[in-house]
Amino acid sequence: MIEEIINRNAIDELAAVIDSKTQFVILSHKNPDGDALGSSLALCLYLRARGKKATVVLPNRFPDFLSWLPAAGDVLLYEKEQEKVAEVMAAAEAFFCLDFNTLSRIGELGDYVKLSSAPKVLVDHHLQPSDEFRILVSHPEACSTSELVYRVIVAISGDELLSNEMAQCIYTGMMTDTGSFAYASARKDIYLIIAALLSTGIDKDLIYRKVFYNSSFSRMKLFGYVMYKKLKHYNKYNAALITLSYEELQRFYAQKGDTEGLVNQPLQIKGVRFSCFLREEQPGKINVSLRSVDDFPCNSVAEEFFNGGGHKNASGGELHCSMESAVELFKSALQKYKDNLLG
Ligand code: 5GP
Ligand code: MN
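Quick caveat, the model's predicted, so the values are computed rather than measured. Each chain carries its own residue numbering, running from 1 in the written order of its sequence. Just so you know, chain letters begin at A and ligand numbers begin at 1, following the order they were written in. Per-residue local features are limited, in this predicted model, to residues with pLDDT of at least 70; the limit for side-chain atom pairs, both in listing and counting, is 80 or more; totals at the level of whole chains, interfaces and linings are taken over all residues. Hydrogens and waters are ignored; side-chain quantities use all the structure's heavy atoms.

A. Representation of the overall build of the protein within the structure. Along its length, the protein carries 13 helices and 12 strands. With C-alpha atoms as the basis for the radius of gyration, the globule rule is written as 2.2 Å multiplied by the number of residues raised to the power 0.38. In terms of overall size, the protein behaves like a compact globule, its C-alpha atoms giving a radius of gyration of 20 Å where 343 residues would be expected to give roughly 20 Å. The C-alpha extent of the protein, read off along each of the three principal axes, is 55 × 45 × 40 Å. When accessible area is computed with a 1.4 Å probe and restricted to protein chains, residues below 20% of their type maximum are described as buried, those above 50% as exposed, and intermediate ones as partly exposed. Residues counted as buried form 52% of the 343 residues belonging to the protein. Throughout, a residue-residue contact means that at least one pair of heavy atoms, one from each residue, lies within 4.5 Å. In the protein, once contacts between residues fewer than 6 apart in sequence are set aside, the share between residues at least 24 apart is 66%. Methods summary: accessible areas were calculated by the Shrake-Rupley approach with a probe of 1.4 Å, and residue burial reflects only the protein chains presented. Looking at the protein as shown, the accessible area adds up to about 15,400 Å², and 49% of this sits on carbon and sulfur atoms. The charge count treats Lys and Arg as positive and Asp and Glu as negative. His and the chain ends do not count. Every charge is mapped to an atom, namely NZ of Lys, CZ of Arg, CG of Asp or CD of Glu. Between the centroid of the 37 positive side chains of the protein and the centroid of its 43 negative side chains there is a distance of 5 Å. Elements are defined by DSSP. Helices are runs of H or I of four residues or more, strands are runs of E of two residues or more, and each kind is numbered from the N terminus.

Structure representation (structure tokens):
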């Protein structure tokens, strides 16, 4: 039996919102990953199966390796279709906010949500949800938001409405947010849920290949270049750093999503507990990705040094400075967290 983690009141309130409305907008965070898109599409398909009108709206593009997901072609991107997005946002009778904990994570889309009087439902597994939502389904113990969407669907409708297509989306989110069940995935419920997803007939090995065996040649070359030339091992700190400048990303024809997974690689080095990847996505604008193992809190580092946050073992942030200054910040973080890194 799967243990119920979502409070029954929250489920009842959420079910009442679905029952009483017909038009929904589902939102997720910028630079959407497998869980952001997977959880959003699963919920969208569920609402449509209930005869509702549902649209997934994202701030910007998702990586190509997710474009095969069912209904991914229906997603509206704010960066591309602002007018159309403004229309569906205005028509929305309720908003579902998935896989983020504060409206600032969705950029300008957050302003539309704030201005609307429609109910706002949060379904998320990050720490510290903001108080901007009417209904909270916030469970940091869940491996992914997709796990929570599974739980919501089954709590409201049982297994009957859970389709193969919804299961593909949910499995993708669970798989990508746990590094293919390598971390944040020790709870036995996760495997009971996977068993239920498999019962819909999904091919989990095919999903794995679609997501991970989908690299371009230039991405492989970029990874090779990084491993050979750009990976720095701070062995006195059990830490590693990768930097990629805007110029280098251009030189390797890096597409959206091409650097996905790169930050995890240094954790394979014996003893490394903390990995940082600084990616200059625009000249002077640096995206920060942090990963750790065990109890090293990279979210504290992200908050303190990189204007960000996230989970204990996977966090991120953003800097507006030169790469040199960003590297200096990283080194200060190592100094500050030295005891913790060696502990
Ligand atoms: P990634 O390295 O994959 O971009 O991000 C890893 C995780 O860090 C995300 O799932 C999210 O939880 C968190 N994260 C990334 N960027 C930010 C940020 O700017 N602010 C906050 N609060 N969390 C972030
Ligand atoms: Mn997630």
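Still more ground to cover, so stick around.
B. Highlighting the coordination of the manganese ion (ligand 2). Metal coordination here is assigned from N, O and S atoms located within 2.8 Å of the ion, or within 3.2 Å for Na, K and Ca; omission of water means that sites may look incomplete. The manganese ion (ligand 2) binds to the protein through Asp35 (OD), Asp99 (OD), His125 (NE2) and Asp177 (OD), with metal-donor distances spanning 2.2 to 2.4 Å. Taken in chain order, the donor set of the manganese ion (ligand 2) reads D-x63-D-x25-H-x51-D. Placement of the pair is Asp35 in helix 2 (residues 34–49) and Asp99 in the loop between strand 4 (94–98) and helix 4 (109–115), with a sequence separation of 64 residues. Accessibility classification places Asp35 together with Asp99 in one group, the buried group.

C. Layout of the site of ligand 1. By nearness alone, every residue bordering ligand 1 is listed as Arg105, His126, Ser289, Arg291, Gly308, Gly309, Gly310, His311, Ala314, Ser315, Gly316 and Gly317. By the criterion applied in these results, polar contacts are pairs of N or O atoms within 3.5 Å in which, for protein atoms, one can donate a hydrogen and the other can accept it, and in which residues neighboring in sequence qualify only through two side-chain atoms. Between ligand 1 and the protein, one listed contact pairs an oxygen atom with a side-chain N or O atom of His126 at 2.7 Å. Gly316 is positioned such that a nitrogen or oxygen atom in its backbone is 3.2 Å from an oxygen atom of ligand 1. Burial of ligand 1 by the surrounding chains reaches 76%, relative to a free accessible area of 500 Å². Looking at the shell around ligand 1, the element that brings in the most residues is strand 12 (residues 314–320), giving 4 residues. Gly counts as polar in this scheme, as do all residues outside two lists: the nonpolar Ala, Val, Leu, Ile, Met, Phe, Trp, Tyr, Cys and Pro, and the charged Asp, Glu, Lys and Arg. Each residue belonging to the shell around ligand 1 can be placed in one class, and the counts come to 1 nonpolar, 9 polar and 2 charged. Proximity criterion: a residue is near a molecule or strand once any of its heavy atoms comes within 4 Å of it.

D. Inspection of the sheet that holds strand 8 (residues 239–244) at higher detail. Here, strands pair whenever DSSP counts at least two bridges between them. One open sheet accounts for 6 strands, arranged 7-8-9-10-12-11; its pairing is mixed. Lying at the two open borders of the sheet, with one neighbouring strand each, are strand 7 (231–234) and strand 11 (309–310). Bridge count between strand 8 and strand 9 (residues 274–282): 6 bridges; the pairing is parallel. Pairing of Ile242 across the sheet is with Phe277, part of strand 9. Contacts between helix 9 (residues 217–230) and the sheet are confined to strand 7 and strand 8, with strand 8 contributing the most and set at about 125° to the helix. An axis is simply a line fitted to the C-alpha atoms; with a helix, the fit covers only the stretch in contact. Between two such axes, the angle follows the N-to-C directions and lies from 0 to 180 degrees.

E. Expanded view of the pattern of salt bridges. Criterion for a salt bridge: a side-chain nitrogen of Lys or Arg within 4 Å of a carboxyl oxygen of Asp or Glu. One pass over the structure, following the stated rule, counts 19 salt bridges. Arg273 is the partner of Asp294 in a salt bridge, and the nearest nitrogen-oxygen pair spans 3.6 Å. One end of the pair, Asp294, is in the loop between strand 10 (285–292) and helix 11 (298–305); the other, Arg273, is in the loop between helix 10 (246–251) and strand 9, and 21 residues separate them in sequence. Residue classification places Asp294 among the exposed positions, given a relative accessible area of 51%. Arg273 gets classed as buried once you look at its relative accessible area, which sits at 9%. Salt bridges linked by common partners bring Glu147, Arg151, Arg187, Lys188 and Asp189 together as one network.

F. Structural detail: the packing of helix 2 against helix 5 (residues 145–157). Packing of helix 2 against helix 5 leaves a shortest axis separation of 8 Å and a crossing angle of 15°. Compared by their axis directions, helix 2 and helix 5 come out roughly parallel. When you trace helix 2 past helix 5, the crossing you get is right-handed. Of the residues in helix 5, those in contact with Asp35, Gly38, Ser39, Ala42, Leu43 and Tyr46 of helix 2 are Thr145, Ser146, Val149, Ile153, Ile156 and Ser157. Residue composition of the contact of helix 2 with helix 5, by class: 6 nonpolar, 5 polar and 1 charged. Each angle receives one of four descriptions, namely roughly parallel if under 35 degrees, roughly antiparallel if over 145, roughly perpendicular if within 65 to 115, and oblique otherwise. Crossing handedness: left-handed means the near helix sits turned counterclockwise from the far one by under a right angle, and right-handed means the same turn made clockwise.

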